[in-house]
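Each chain, letter by letter, is given below.
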Amino acid sequence: WQTAAMKGLIGGVIADMMSNLHSFIIVACNHSGSDLYRYSTSCKAYSAEWFLRCAYSSANFETGSDLVDIAYGWLNYQIEHHMFPDMTPLQYRKLQPLVKSVCKKHGVQYIQQNGLYRTWRMLRCAVGDDQMIQCNAILPPASAKDKGLVPANDKVLGS
């Protein structure tokens, strides 16, 4: 019985490690890479800035089939998940083509790439070969925008 218990313990530890690795790869790869943004400031939820940050700081993996969605635990819809966190995962598949088309129409970054390629992008940042894009905001602050000015030390997308 001791051999069986040891095999059970080892199997449980290996299964836990594999589950944690799977979760880490899915979550970390959707949020890191040299094509994604990091912000040094906060913003108001559900504002224009907030929706833009959802698109510029997240990436989706392959989407659209039950097999793929289940394999990724529905975490392959990170952009939609961040924009609409109270929706059920099943709604993300319906919403994803609309969000992608609105981003395209308005010239907003929308990254959807293979999971292995996103893993490579994340690992390049992790080892220091690449860096994420750092900025304070996507949109200029309202007061600067109204005056047609953006402070020189304020890193804003496109400035």
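What counts and what doesn't
Each chain has its residues counted from 1, following the order in which its sequence is written. Only residues with pLDDT of at least 70 are given local features in this predicted model, and only at 80 or more are side-chain atom pairs given and counted; all residues enter the totals for whole chains, interfaces and linings. Working from all heavy atoms in the structure, the side-chain values ignore hydrogens and water. The pLDDT value tells you how sure the predictor is about a given residue, anywhere from 0 up to 100. Residues are treated as being in contact if the distance between any of their heavy atoms lies within 4.5 Å. Labels follow the DSSP assignment, with helices taken as runs of H or I lasting at least four residues and strands as runs of E lasting at least two, numbered in each case from the N terminus. A 1.4 Å probe rolled over the protein chains alone gives each residue an accessible area, and that area as a share of the maximum for its type sets the label: buried under 20%, exposed over 50%, partly exposed in between. Here, nonpolar core refers to any group of buried Ala, Val, Leu, Ile, Met, Phe, Trp, Tyr and Cys residues whose side-chain atoms link them within 4.5 Å.

*Asks:* So what's going on with the confidence of the model for the protein chain? Which residues, and what values?
*Replies:* Taken residue by residue, the protein chain gives an average pLDDT of 87. The fraction at 70 or more is 88%. Of the regions scoring below 50 in pLDDT, residues 147-154 engages in 9 contacts with residues more than four places distant in sequence or in other chains.

*Asks:* Report on unusual backbone geometry, specifying residues and quantitative values.
*Replies:* You will see that tyrosine 46, though not glycine, has its phi angle at about 65°, which is positive. Of note, tyrosine 46 is situated in the loop between strand S1 (37-39) and helix H2 (48-56). Phi at tryptophan 74 is positive, roughly 65°, even though this residue is not glycine. Among the secondary structure elements, tryptophan 74 is positioned in the loop between helix H3 (66-71) and helix H4 (78-83). Classification of tryptophan 74 as buried rests on a relative accessible area of 18%.

*Asks:* Lay out the nonpolar core in plain terms, naming residues and giving numbers.
*Replies:* Core analysis: the biggest nonpolar cluster contains 15 residues, and Ala55, Tyr56, Ile79, Met83, Val99, Cys103 and Val108 have the highest contact counts within it. Only H2, H4 and helix H5 (89-105) provide two or more residues apiece to this core. The element that contributes the greatest number of residues to this core is H2, accounting for 5 residues. Among all residues touching isoleucine 79, those that are not within four sequence positions of it are Cys54, Ala55, Ser58, Ala59, Asn60, Val99, Tyr110 and Ile111. Judged by nonpolar contacts, the second largest core, of 6 residues, contains Ile26, Cys29, Tyr72 and Met122.

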